[in-house]
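Reading the structure
Letter by letter, the chains look like this.
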Amino acid sequence: MRILGIESSCDDTGIAIYDSERGILADALYSQLSHQKYGGVVPELASRDHIQKVIPLISAVLEAAQLKSEDIDGIAYTKGPGLAGALMVGATIAQGLGFAWKIPTIGVHHLEGHLLAPMLAEPAPSFPFLALLISGGHTQIISVRTLGDYEILGESLDDAVGEAFDKTAKLLGLPYPGGPHLEKLAQNGNAKKFQFPRPLLHREDLNFSFSGLKTHVANVIHKTELSDENKADIAAQFEETIADILCKKMHRALLQTGISRLVVAGGVSANLTLRKALSALAEKEECHIYFPPLKYCTDNGAMIAYAGAQRLMRDEKSDFSIQVRPRWPLSELKAPEKSA
Ligand code: KG4
Ligand code: ZN
């Protein structure tokens, strides 16, 4: 089965073709630059950019895979959560093409896409597993029993990890989205010069809080001369703080659940310092750890094509009404009735 995937939930237009026998055949991504000068995503600009890019990208991906429209068996698009206007672009194109090509379509939950993206890597995890989902909008510890059966064990009470990266990066004068820039800056830093607080670590639950960290960094910056060296040292201590918090909570989650497979996904899972720290934890706890391929950590069409394929192969499909879910709790998802 060959599935065309369309991701348009925020500021990236991602298109890919997934073949259930051969894996990803082609993919393309357009990361919108129009938001940079505003220091954050402007929803109206995002929708306009998606409208311009989505069809040319679909043509480019079909051509790269040397396929024609009649070779596609289904279309998966991001139904939510995300920006309403941006989601509408993907949903409308998907339903329009599905109707014209007479093939089924499926609306995919964006976070299910992220959660399953590690299955595009080798070796792929098998169910059940414990997942740490760290993106620009979400920070969650999830018990994943099987496709569509997700229990949230803990989450951020305020900012998401990606948001904390982006806000701290902004304070350090780095461009949006700041996560990857902060990672680069931290490489030359001494993580031990500053010491930041680690909120909620003493608590037994699996929730996080990151907004105080940003305030703390703002205070440090206010009091410190912002030389290149200090900036790098702040970035390095910031990364170490996040790594510490994530590792402590994941350790607790592993002990509480007894699950020995760990999956880390979402945009921030591209961060190599965090990958290293979480891998060391997994090794110590004798767990297997899995990450998505680097290019499929941040928003992309491949994860949507893959997640959609899993559901289409189990005979799930949407009707041709154009619906999006800007707010859509992951826990509302259900396992497909039929097995593949
Ligand atoms: O999953 P994603 O592409 O979009 C959402 O669904 O939110 O995640 C984007 C987030 C941004 O906050 C971005 O700064 C962060 O992931 N990010 C990183 C890195 N790459 C992306 N954060 C830290 N280190 C990175 N290498
Ligand atoms: Zn995402």
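Quick caveat: nothing in here was measured; it's all calculated off a predicted structure. (Residues numbered from 1 in each chain as written. Chains lettered and ligands numbered in written order. Predicted model: local features only at pLDDT ≥ 70, side-chain atom pairs only at ≥ 80, totals over all residues. Heavy atoms only, no water.)

Observations regarding the coordination of the zinc ion (ligand 2)
Counted only if it meets this: Because water is not among the atoms used, a metal site may look incomplete, as its donors are only the N, O and S atoms within 2.8 Å, or 3.2 Å for Na, K and Ca. Counting from the N terminus, the helices are DSSP H or I runs at least four residues long and the strands are E runs at least two residues long. Only protein chains enter the calculation, and the probe is 1.4 Å; a residue is then buried if its accessible area is under 20% of its type maximum, exposed if over 50%, and partly exposed in between.
Within the first shell, the zinc ion (ligand 2) binds the protein through His110 (NE2), His114 (NE2) and Asp299 (OD), at distances of 2.0 to 2.1 Å. Read in sequence order, the donor residues coordinating the zinc ion (ligand 2) give the pattern H-x3-H-x184-D. Pair noted here: His110 and His114 are both in helix α3 (residues 110-116), with a separation of 4 residues, about one helical turn. Assigned by exposure class, His110 and His114 land together as buried.

Some words on helix α9 (residues 301-312)
The test is simple: Between the first and last residue of a helix there are one fewer steps than residues, each counted as 1.5 Å, and that sum is the expected span. The contact definition used throughout considers only heavy atoms, calling two residues in contact when any of these lie within 4.5 Å. Each polar contact in these results corresponds to two N or O atoms within 3.5 Å; when the atoms are within protein, one needs to be able to donate a hydrogen and the other to accept it, and residues that are neighboring in sequence are counted only if both atoms are side-chain atoms.
In this model α9 runs 16 Å from its N-terminal to its C-terminal C-alpha over 12 residues, within 8% of the 16 Å that 1.5 Å per residue would give. For α9, the tally of buried residues reaches 12 of 12 residues, placing the bulk of the element in the interior. Here α9 has its buried residues at Gly301, Ala302, Met303, Ile304, Ala305, Tyr306, Ala307, Gly308, Ala309, Gln310, Arg311 and Leu312. Elements in contact with the buried residues of α9: β1 (2-7), β2 (12-19), β3 (23-31), β4 (74-80), β5 (105-109) and α3. At the N-terminal boundary of α9, the capping side chain belongs to Asn300, with an oxygen 3.0 Å from the backbone nitrogen of Ala302.

A short note on the UniProt feature "domain: Gcp-like" (unreviewed entry) in the protein chain
How we decide: UniProt positions are given in the numbering used here, feature names are shortened, and annotations may be inferred rather than shown by experiment.
Under the feature "domain: Gcp-like" (unreviewed entry), the UniProt entry names residues 24-306. Between the end C-alpha atoms of residues 24-306 there is a gap of 8 Å, over a span that is 45% helix and 17% strand.

So, unusual backbone geometry
Leave glycine aside and you will find that most residues have negative phi; peptide bonds, for their part, are mostly trans. The residue after Gly80, namely Pro81, is reached through a cis peptide bond having omega -15°. With respect to the helices and strands, Pro81 occurs in the loop between β4 and α2 (84-101). Look at the link from Tyr176 to Pro177: it is a cis peptide, with omega at -10°. Note that Pro177 resides in the loop between α4 (161-171) and α5 (179-186). The backbone phi angle of Gln66 is positive, close to 55°, even though this residue is not glycine. Position of Gln66 among the secondary structure elements: in the loop between α1 (43-64) and β4. By relative accessible area, Gln66 is classed as exposed at 73%.

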